[in-house]
Amino acid sequence: FNRRTLIPDFSAGLVLGIQSIPSGMANGLLAMVNPIYGLHGYMVGVFTGAFFTSSVFMSVQGTSTMALVIASVPEVAQGGYPNTALFALAFLTGLFMLAAGLLKLGSLIRFVPHSVMTGFINAVAILIILGQLDDFTGCASSGANRLMRTIDLLQKTGQFHIPTMLVGTLTIILILTLERTALKSLGIVAAMAAASLATPLIGSGSVALVRDIAIVPDSLPLPMLPSLAVLPYLILPALSLTFVGLMQGASITQSVPNPDGRYPDPSGDFVGQGAAGLLSGLFQGTAVGGSVSATALVTSAGARSRFANLTAGVVIASAILLFGRYVGLIAMPALAGLLIVIGFRTLKPVQVAMVWKTGLTQDAVMGLTFVSSLILPLQYAVLLGVGLAVLLYVIHQSNQITVKAWDVQPGRFPVEGPPPRAVPPAKVTVLVPYGSLFYAAAPLFNAQLPEVTPDTRHAVVILALRDKKDVGSTFLNVVARYAGALHRRESKLMLAGVDPNVVAQMERTGVARDIGRENLFQATQDIGEALMQAVTAAESWIGEKQGENPRQAYGRNQETPKPNVEYRTRNFEG
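## Observations concerning the overall build of the protein chain
- Helix and strand counts for the protein chain come out as 26 helices and eight strands.
- The C-alpha extent of the protein chain, read off along each of the three principal axes, is 110 × 60 × 45 Å.
- Across the 574 residues that make up the protein chain, the buried fraction comes to 52%.
- Considering only residue pairs separated by 6 or more positions, the protein chain has 81% of its internal contacts joining residues 24 or more positions apart.
- Accessible surface, the protein chain as shown: approximately 26,100 Å² in total, 62% of it carbon and sulfur.
- Averaged over its 38 positive side-chain charges, the protein chain has a centre that lies 4 Å from the centre of its 31 negative ones.

This is the structure we're talking about:
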C-alpha cells in the first residue's frame, strides 16, 4: 500500500471491477452454469490473486478458454443448485496449480510449441462464437458437439426469434460504439445495461432473462467444502484446466513487468493462481487463472500496485450485495452478444499467418490441434495438444544428432569434416556428436558411427562428450556395443571430456568396466585438455601395438616434424 498510488490504483480497480460484472456473468454462461458462479469466481480470484502472485498486476479471473473446458465436463453439466461438482473442479484445479508452483514447474511452459497454442486458441474463439448462437437467435439446437449443433441450427432459420436477435444485435452495436467514446472499457457495462433496459420494449416479455434460467442470490457466497465423492472423476478436466490456466498466465508473466522493471517468477504466479482457485472453489466460484484481457485492462487504466486488483474484488462484492437482485433482469441475448464480441477478439489471424509460413510440420500441428479442439470435448483436446507438443519436441530433438570427425594435427586448430565410412586401421579417429543424445536419437547416432570392419586393427576411436551432462541407458548401450566391436578387432574406444555425472552413470551401469576406466578422460576447466590427453594416450597405445617407440609413433601419420606434447596442447588451447 502506497498513498501516492492510492488514487490511480482505486480508479483502475473501479474500472476493472465494474467491467468484470457483465464479463463474469458471461463467463458463467459460457461454462453453461449459473452466471452468478462466474461472478463469484471473478470476485474471489482477482482479490486473492492480488495477495499471492509474483506479478504485481496479474488479474486472476475466469477465462473464456477455461469456461469452455468446464462446459465439456459431464459432472458439472449435471450439477444442480448449488453445483457442488463445479466448486470441486475449481478447488482441484487450484490445488494442481498450487502444486505446480511449489514444485517450481514454471519453466516447463516453454516446451509447449507456439503452433499448438495458436491452433487451440483460435479453435476456442470459434467455439465461443458458435456456442452463443442459441441464445442469440432464441432457437434451441441439438447435436454431439458445437459444430453439429450449429449445422442443426442453420436448418431452423425459420424458427429464429426476431426480438431476441434484435436485442443481441443491439448489444454488439452498442459495445462497438460506446467503447470508442470516453467510456472506453466501461462501454461494455453501459451497452449491457442499455440493451437489457430496451428488452421490454423490443421483446414484450418474450426475450429470455438471466432469472429465467438460474437462481440469482443477492448475498455473498458462503464457504462450501468440495464433495470428495466426485473428485476422482474430475482429475482429468482439472489437469486440462490447470494447463490452460497456467499457459495463459505465463503469457502475462513473460510480457508484463513489475513496477521495478523486473519480470515476475512464473512459479510464483502459479502459486498465486492456485491459491485463488482454491478459494474460488470454496466460495462457490468457477476455476480461475491469469486473465490476459483483465490484466491489460487494469494496467491501461493506470494501475500502479496490487491495490488496483484488491479494489476490483471489493467492487464486485459490493455490486453483488447492492445490485444482486437486478442481475436476473439482464437479457440472455445481451450476454450472448457480449460473448460473440469476445470470441471475434480472441481470434489471432496474424499468429495463424506466421505459423503458416514456418513450414509444413508446424502447419500440420496447428491444424490438428485446431480440428481436434472443434470436434473433441475440450478437456481431451487440451491434453492431446500437450501430448502433441511433447511428441513434437522429442521428434525434433531426435533428428538433430550429427556426428563429425575432427582431424587433430600439431600446431593448428582441428579441422572438421564428415566421419569416415569405416574405422581406419592403426589411426586415431576423433568423433564429435552434435545435438541431443536422447534415447530416440541413439539409433541415428549409431548409424553415423564409422563401421568396424575386418581391416580395422590397432585403431582408436575417441568420442568427445564435453557438453553432454546426462546420457540415457540407450546411448550407453550403443557405446558399450561399439566398444565391444572395436575390442574384437584389437582396437579400442576412448571417451574424452566426460562429465562427472556421466562417469557416475557409466560406473553404475558397468559400461565404465566394459570400456576400461583408463579410457575415460574427464572434462576439466581447460577446453581441449581432456581431448588432447586422449589423443596422446591413443597414439602411444597404437605405437606400442605396432612395435614402435611411443615417441616415434606420436604423430606418425603427419608429414611435418612433430612438436612435444606440451607445445601441441598449448597450441590447441590457444
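On we go from here.
## Comments concerning helix α22 (residues 500-509)
- Restricting attention to buried positions, one finds in α22 the residues Val502, Val503, Gln505 and Met506. The buried residues of α22 occupy an angular sector of 155 degrees when projected down its axis, which confines them to one face.
- Two to three positions downstream of the cap, the backbone nitrogen of asparagine 501 sits 2.9 Å from a side-chain oxygen, assigning the N-cap of α22 to aspartate 499.
- Among the residues trailing α22, glycine 510 stands out with phi positive, at a value near 85 degrees.

## Focus on the pairing of strand β5 (residues 428-434)
- Across the seven residues that make up β5, a large majority, five, are buried.
- Judged from the five bridges that link them, strand β3 (residues 402-407) and β5 form a sheet pairing that is antiparallel. The residue bridging alanine 405 from the neighbouring strand is leucine 431, located in β5.
- Sheet topology places β5 next to strand β6 (residues 460-464); four bridges connect them, and they run parallel. Bridge assignment links valine 428 to a residue of β6, and that residue is valine 460.
- As for the winding sense of the linkage, the β-α-β connection from β5 through helix α20 (residues 442-448) to β6 is right-handed.

## Remarks on the packing of helix α12 (residues 235-255) against helix α13 (residues 266-282)
- Direction vectors running N to C along α12 and α13 enclose 130 degrees, while the axes themselves pass 10 Å from each other. Of the possible angle classes, the one that applies to α12 and α13 is oblique. Crossing geometry of α12 relative to α13 is assigned as right-handed. Across from Gly245, Leu246, Gly249 and Thr253 in α12, the residues of α13 making contact are Pro266, Asp269, Phe270 and Gln273.
- A class-by-class count of the residues in the contact of α12 with α13 yields three nonpolar, four polar and one charged.

## Description of the environment of threonine 524
- Here threonine 524 lies in the loop between β8 (520-522) and α24 (529-545).
- C-alpha of threonine 524 to C-alpha of phenylalanine 57: the two residues are 467 residues apart in sequence and 46 Å apart in space.
- Non-local contacts of threonine 524, meaning those with residues more than four positions away in its chain, are made with Arg466 and Glu529.

## Description of helix α14 (residues 292-300)
- Listed in full, the buried residues belonging to α14 are Ala294, Thr295, Leu297 and Val298. Taken end-on, α14 shows its buried residues confined to a sector of 160 degrees, consistent with a single buried face. What points out from α14, more than 90 degrees from its buried face, is the exposed set Ser293 and Ser300.
- Tucked inside the fold, the buried residues of α14 contact α1 (6-30), β1 (60-61), α12 and α15 (307-327).

## Things to note about the sheet that holds strand β4 (residues 415-417)
- Overall, mixed pairing links the six strands, which are arranged β4-β3-β5-β6-β7-β8 in an open sheet. Unpaired on one side and paired on the other, β4 and β8 mark the two borders of the sheet. Strand-to-strand twist of the sheet, defined as the mean angle between neighbouring strand axes without regard to direction, takes the value 25 degrees.
- Relative to strand β7 (residues 492-498), β6 is paired through five bridges, and the arrangement is parallel. If you follow leucine 463 over to β7, its bridge partner there is leucine 495.
- Across the sheet, helix α21 (residues 473-488) touches β6 and β7, and the angle it forms with β7 is around 140 degrees.
- Its contacts with the sheet place α24 against β3, β5, β6, β7 and β8, and it is angled at close to 160 degrees to β7.

## A short note on the layout of surface pockets
- If you add up the space inside the largest pocket, you get close to 1,200 Å³.
- Put simply, the parts of the chain that give the lining of the largest pocket at least two residues each are α1, α3 (64-71), α6 (114-131), α12, α14 and α16 (332-346).
- Residue composition of the lining of the largest pocket, by class: 17 nonpolar, 21 polar and four charged.
- Reported here for the second largest pocket is a volume of approximately 680 Å³.
- Listed by contribution, the elements that provide at least two residues to the lining of the second largest pocket are α1, α2 (35-52), α10 (187-203), α11 (210-213) and α15.
- Here the lining of the second largest pocket is built from residues that sort into 22 nonpolar, five polar and two charged.

Rules of the game
- Residue positions within a chain follow its written sequence, with the count starting from 1.
- Confidence filtering applies because this is a predicted model: local features only for residues at pLDDT of at least 70, side-chain atom pairs given and counted only at 80 or more, and all residues used for totals across whole chains, interfaces and linings.
- Hydrogens and water molecules were not included; the side-chain quantities draw on all heavy atoms of the structure.
- The secondary structure listing takes helices from DSSP runs of H or I that are at least 4 residues long and strands from runs of E that are at least 2 residues long, numbered from the N terminus.
- The rule is simple: take the accessible area with a 1.4 Å probe, protein chains only, and divide by the maximum for that residue type; under 20% is buried, over 50% is exposed, in between is partly exposed.
- We call two residues in contact whenever any of their non-hydrogen atoms come within 4.5 Å of each other.
- To measure how exposed things are, a 1.4 Å probe is used in the Shrake-Rupley method; for residues, cover is taken only from the protein chains shown.
- We count Lys and Arg on the positive side and Asp and Glu on the negative side, and we leave His and both chain ends out.
- Charge positions come from single atoms, namely NZ of Lys, CZ of Arg, CG of Asp or CD of Glu.
- The arc under discussion is defined with respect to the helix axis, by the directions toward the C-beta atoms.
- Counted as a polar contact is a pair of N or O atoms within 3.5 Å, where, for protein atoms, one must be capable of donating a hydrogen and the other of accepting one, and residues adjacent in sequence contribute only when both atoms are in side chains.
- Any two strands with at least two DSSP bridges between them are considered paired.
- Handedness rule for crossovers: strands pointing away from the viewer, path from the first strand over the helix to the second running clockwise, crossover right-handed.
- Under this scheme, a helix contributes an axis fitted over its contacting stretch, all axes are lines through C-alpha atoms, and angles between N-to-C directions fall in the 0 to 180 degree range.
- Every angle not falling under 35 degrees, over 145, or within 65 to 115 is termed oblique; those three ranges are roughly parallel, roughly antiparallel and roughly perpendicular.
- We call a crossing left-handed when the near helix sits turned anticlockwise from the far one by less than a right angle, and right-handed when that turn is clockwise.
- Residues are sorted three ways: Asp, Glu, Lys and Arg are charged, Ala, Val, Leu, Ile, Met, Phe, Trp, Tyr, Cys and Pro are nonpolar, and all the rest, Gly among them, are polar.
- Points on a 1 Å grid over protein atoms alone make up a cavity when a 1.4 Å probe fits among them but cannot get out, and a pocket when they form an open set with protein on both sides within 12 Å along at least five of seven lines; lining residues each have an atom within 4 Å of a point.
- Grid points are joined across faces, edges and corners, and a volume is the space filled by probe spheres set on the points.

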